[in-house]
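# What the coordinates show
Spelled out, the chains give:
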Amino acid sequence: MAGHDLSLIVKAYDVRGVVPDQLDESDTEALGAAFAEFVGAPAVVVGYDMRPSSPALAAAFARGAASRGADVIDIGLASTDLLYYASGALDLPGAMFTASHNPAKYNGIKMCKAGAAPIGQESGLVTIRENAQAILDGAELPAAAGTGGVTKRDMLADYAAYLNKLVNLTQIRPLKVVVDAANGMGGHTVPTVFAGLPIEVVELYFELDGTFPNHEANPLDPKNLVDLQKAVLEHRADLGLAFDGDADRCFVIDERGEPVSPSAVTALVAVRELAKHPGATIIHNLITSAAVPEIVREHGGVPVRTRVGHSFIKQEMARTGAVFGGEHSAHYYFQDFWKADTGMLAAMHVLAALGEQDLPLSRLSARYSRHAASGEINSEVADQAGRTAAVRAAFGSRPGVTVDELDGLTVTGDGWWFNVRPSNTEPLLRLNVEAADAEAVAALRDEILAVIRA
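Let us look at the structure shown here. (Residues numbered from 1 in each chain as written. Predicted model: local features only at pLDDT ≥ 70, side-chain atom pairs only at ≥ 80, totals over all residues. Heavy atoms only, no water.)

## Quick notes on the nonpolar core
For clarity, the cut-off: Within this scheme, the nonpolar core is defined by two criteria: the residues are buried Ala, Val, Leu, Ile, Met, Phe, Trp, Tyr or Cys, and they are joined through side-chain atoms within 4.5 Å. Working definition: with a 1.4 Å probe on protein chains only, accessible area under 20% of the residue-type maximum means buried, over 50% means exposed, and in between means partly exposed. Put simply, DSSP marks the helices as runs of H or I at least four residues long and the strands as runs of E at least two long, and each gets a number from the N terminus on. Contact definition: two residues touch when any of their heavy atoms are within 4.5 Å.
Grouped together as the largest cluster of nonpolar side chains are 92 residues, with contacts concentrated most on Phe194, Leu241 and Phe337. Considering every element that reaches this core, the biggest residue donor is helix α11 (residues 343-355), with ten residues. Those residues in contact with Phe337 that sit more than four places away from it in its chain are Asp81, Tyr84, Tyr85, Tyr159, Tyr162, Leu163, Thr342 and Leu345. With 32 residues, the next largest nonpolar core counts Leu6, Phe35, Tyr48 and Ile119 among its residues.

## What to know about the packing of aromatic side chains
As a reminder, the rule being used: Aromatic rings from Phe, Tyr and Trp, taking only the six-membered ring of Trp, are treated as a pair when their centres fall within 6.5 Å; an angle between ring planes under 30 degrees marks them as stacked, one over 60 as edge-to-face, and anything in between as tilted.
For the structure on display, the rule yields twelve aromatic pairs. Ring centres of Phe35 and Phe61 lie 5.5 Å apart, and the angle between their planes is 45°; this geometry places the pair in the tilted category. Pair noted here: Phe35 is in helix α1 (residues 25-39) and Phe61 is in helix α2 (residues 54-67), with a separation of 26 residues, a long-range link. Residue classification places Phe35 among the buried residues on the basis of a relative accessible area of 0%. Judged by relative accessible area, which is 0%, Phe61 ranks as buried. Here the aromatic rings of Phe324 and Tyr332 are separated by 6.4 Å at their centres, their planes lie at 10°, and the arrangement is stacked. One aromatic cluster is present, built from ring pairs that chain together Tyr85, Tyr159, Tyr162, Phe337 and Trp338.

## What about empty space enclosed by the protein?
The line we're drawing: The pocket and cavity definitions rest on a 1 Å grid over protein atoms only: a 1.4 Å probe that fits but cannot leave marks a cavity, an open set with protein on both sides within 12 Å along at least five of seven lines marks a pocket, and residues lining either have an atom within 4 Å of a point. Grid points are joined across faces, edges and corners, and a volume is the space filled by probe spheres set on the points. Nonpolar residues are Ala, Val, Leu, Ile, Met, Phe, Trp, Tyr, Cys and Pro. Charged residues are Asp, Glu, Lys and Arg, and all others, Gly as well, are polar.
For the structure shown, the criterion picks out one cavity of 30 Å³ or more. When its volume is computed, the largest cavity comes out at roughly 40 Å³. Asp180, Ala182, His215, Ala217, Asn218, Pro219, Asn224, Ala242 and Phe243 are the residues that line the largest cavity. A class-by-class count of the residues in the lining of the largest cavity yields five nonpolar, three polar and one charged.

Structure follows, in structure tokens:
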């Protein structure tokens, strides 16, 4: 079986590459066989997004898994959190074909064990890659006990019913919501999840189109929110929701067309979860606003700070029994969703919080926004460690300052903090600054960047 060098496309948490130059059907068939061998389950679940290459790649993966004796449940078009739902509800390992917000030429695979437990480099992805590479290079596998079958099963209605059981939106005041699906999988899931609720949905780019004809499916980039912001104002909507390509992340826009920070959403959802689970643990990564742990403590919860990245959040959720976790990148994780991330469930919590009272979203979210932030600023540097050390030397010995290295370098002073951390994949340092107001943020940002970029 001909194939590619899989070490180039197997990343820390998933598989991602250009189709067909780096990733093709031979590769995914081998990965399917290796996945089935690794999980050792009688059946696996496979879903895929709207990219043109997704159905064929997913079908090849299913062939590979079936060749090793696993039955395959093909749930067809899915958001990533719909695949997690299927893995959790059926208690089966799963594979989701998506490259999230990457351009159309990319595709990839997110794999999980039964119950949506993540598979990353340290939890099996290296083994799967090595075994798949051996298959591609002509290794003979021991004979399988038999060949599995492939069964199609639509789980969208069950997913919608499960989410609506977790957050009851039937009694809220009527809301008008503009949803920008960015031609991604939100266009597939939103109509079913919101059906029959007192929510008027204004649809933007709901046509499934993996070439992304309107804008990139990456709501982290402000330019991709412009159409949604305009539409919220035009339609006098109560809020706007922007999903990424595989709809596992959700960004929120208030009635003024202004973004609601993911930290504010994290704090809002945390307060709702703490009302149901008094004294519970809430996870937040170290780039979220200092308001998140402050508000969690004020509501009787226990905040736990982690490194950036879903594997760290999920590990800490399992270790601490946390009910909820949030990241600055708009990934939101729920204990009652198998500790997996789901943008849809976070959006439903925002809708419930808004619809259960009369304030507009800008006033409601202001309760959860206490500090000014810079957003993430990237600097290209030749020597990440050297420039980080220079920042530490410049700031670490100032009076009243504390320093930690949980993830990069975090320096905390009176009413401010910043974090500098290296990219794992590019020669970049990423800077996040938070302080009392925009002027203080700008002054601190410029001072730090002068050292980083010296």
